[in-house]
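Structural characterization, general
So you can see what is in the structure, the chains are spelled out below.
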Amino acid sequence: EFKREAFSFLGARMIEKMNPGWGAKWFSVRTCCHPSLDQFRDQFYGNDRSVIATEAMLAELNATGWAWWYGDDGSLMQQSGCAHMALLHTEGYSESDNLKIKSALESFIGINGGVSIAKYFGGTPKKERTMLRLKTNATVEFFKRIAPYMAPSMAYKLGDFHIA
């Protein structure tokens, strides 16, 4: 609902599907194709529909953008007796784009070396996937900056770090 309302000026509607991966359901917000947005398509998608991350686009991300990205593609790894780490799943991006995203995220939180690129085997279908992993101090700083902008339905992803 949060995103549908935010994009209501584009005729947004909520789509619900069964999730083949984690969780029972999958929700997305679809908007009308608006001709004024055509000029931006090539900035975000390659000719093969692969997602691309340009340095210019990443430089424009503010706390709201990072909060929505984390709400959509992030998770918090919490284990008893272990440090908490935020994860941002970035398997749709190339290796070079992951390096750009890592750099932009470190710049956003102001902690060089606070983010690492990690590989894991999982998902549906099971295959090698990529994610960015934030160290505990980077996770705390990231959450301080994005918490006020998280969609209410995604605030649980902040775990114990939720800042009201």
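A brief look at the structure comes next.

So, how was this worked out
- Residues numbered from 1 in each chain as written.
- Predicted model: local features only at pLDDT ≥ 70, side-chain atom pairs only at ≥ 80, totals over all residues.
- Heavy atoms only, no water.
- Helix = DSSP H or I, 4+ residues; strand = E, 2+ residues; numbered from the N terminus.
- Buried < 20%, exposed > 50% of the residue type's maximum accessible area, 1.4 Å probe, protein only.
- Contact = heavy atoms within 4.5 Å.
- Areas by Shrake-Rupley, 256 points an atom, 1.4 Å probe, with all protein chains shown as cover.
- Pairing = 2+ DSSP bridges.
- Polar contact = N/O pair within 3.5 Å; in protein donor to acceptor, adjacent residues only side chain to side chain.
- Axes fitted to C-alpha atoms, helices over the stretch in contact; angles between N-to-C directions.
- Parallel < 35°, antiparallel > 145°, perpendicular 65-115°, else oblique.
- Nonpolar A, V, L, I, M, F, W, Y, C, P; charged D, E, K, R; others polar.
- Core = buried A, V, L, I, M, F, W, Y, C linked by side-chain atoms within 4.5 Å.

The next thing to look at is the overall build of the chain. Helix and strand content of the chain: six helices and six strands. The linear arrangement of helices and strands in the chain, starting from the amino end, is α-β-β-α-α-α-β-β-α-β-β-α. The buried share among the 164 residues of the chain stands at 34%. Sequence-distant contacts in the chain: of pairs separated by 6 or more residues, those separated by 24 or more amount to 47%. For the chain, the exposed surface amounts to about 10,100 Å²; the carbon and sulfur share of it is 55%.

The next subject is the environment of Ile-111. Its place among the elements puts Ile-111 in the loop between helix H5 (95-109) and strand S5 (115-122). When neighbours within four sequence positions are excluded, Ile-111 is seen to be in contact with Glu-106, Asn-137, Ala-138 and Glu-141.

It is worth spelling out the environment of Ile-109 at this point. Relative to the helices and strands, Ile-109 resides in helix H5. Ile-109 gets classed as buried once you look at its relative accessible area, which sits at 2%. As for Ile-109 and Ala-63, which are separated by 46 residues in sequence, their C-alpha atoms are 9.8 Å apart. In this view, Ile-109 contacts Val-115, Ala-138, Glu-141, Phe-142 and Arg-145; residues no more than four positions away in its chain are not counted.

Turning our eyes to something else, we now look at the pairing of strand S4 (residues 85-89). The element S4 is extensively covered by neighbouring structure, given that five of its five residues are classed as buried. Going residue by residue along S4, you find Met-85, Leu-87 and His-89 tucked away on one face and Ala-86 and Leu-88 tucked away on the opposite face as well. Across four bridges, the pairing between strand S3 (residues 74-77) and S4 is antiparallel. When the sheet's bridge partners are listed, Ser-75 is paired in S4 with Leu-87.

This paragraph deals with helix H4 (residues 63-73). Listed in full, the buried residues belonging to H4 are Ala-63, Trp-66, Ala-67, Trp-68, Trp-69, Tyr-70 and Gly-71. Packed against the buried residues of H4 are helix H1 (2-6), helix H3 (55-60), S3, S4, H5 and helix H6 (136-146). A side-chain oxygen of the first residue of H4 lies 3.1 Å from the backbone nitrogen of Thr-64; this N-cap is Asn-62.

What follows concerns the packing of H5 against H6. Close contact between H5 and H6 brings their axes to 9 Å; oriented N to C, the two are set at 75°. With respect to H6, the axis of H5 lies roughly perpendicular. Along the contact surface, H5 presents Leu-105, Phe-108 and Ile-109, while H6 presents Ala-138, Glu-141, Phe-142, Arg-145 and Ile-146. Residue composition of the contact of H5 with H6, grouped by class: six nonpolar, no polar and two charged.

A separate point is the sheet that holds strand S6 (residues 127-134). Read across the open sheet, the four strands follow the order S3-S4-S6-S5; overall the sheet is antiparallel. If you trace the sheet from one side to the other, it starts and ends with S3 and S5, each paired once. Along the sheet, successive strands turn relative to each other by an average axial angle of 35°, direction set aside. Running at roughly 85° to S4, H4 makes contact with S3 and S4 of the sheet. Along the sheet, H5 contacts S5 and S6; its crossing angle with S5, the most-contacted strand, is approximately 130°.

What follows is about the nonpolar core. Membership of the largest hydrophobic core comes to 29 residues, with the highest contact counts inside it found for Trp-66, Tyr-70, Leu-105, Phe-142 and Ile-146. Looking at this core, the elements with two or more residues in it are H3, H4, S4, H5, S6 and H6. No other element matches the six residues that H4 contributes to this core.

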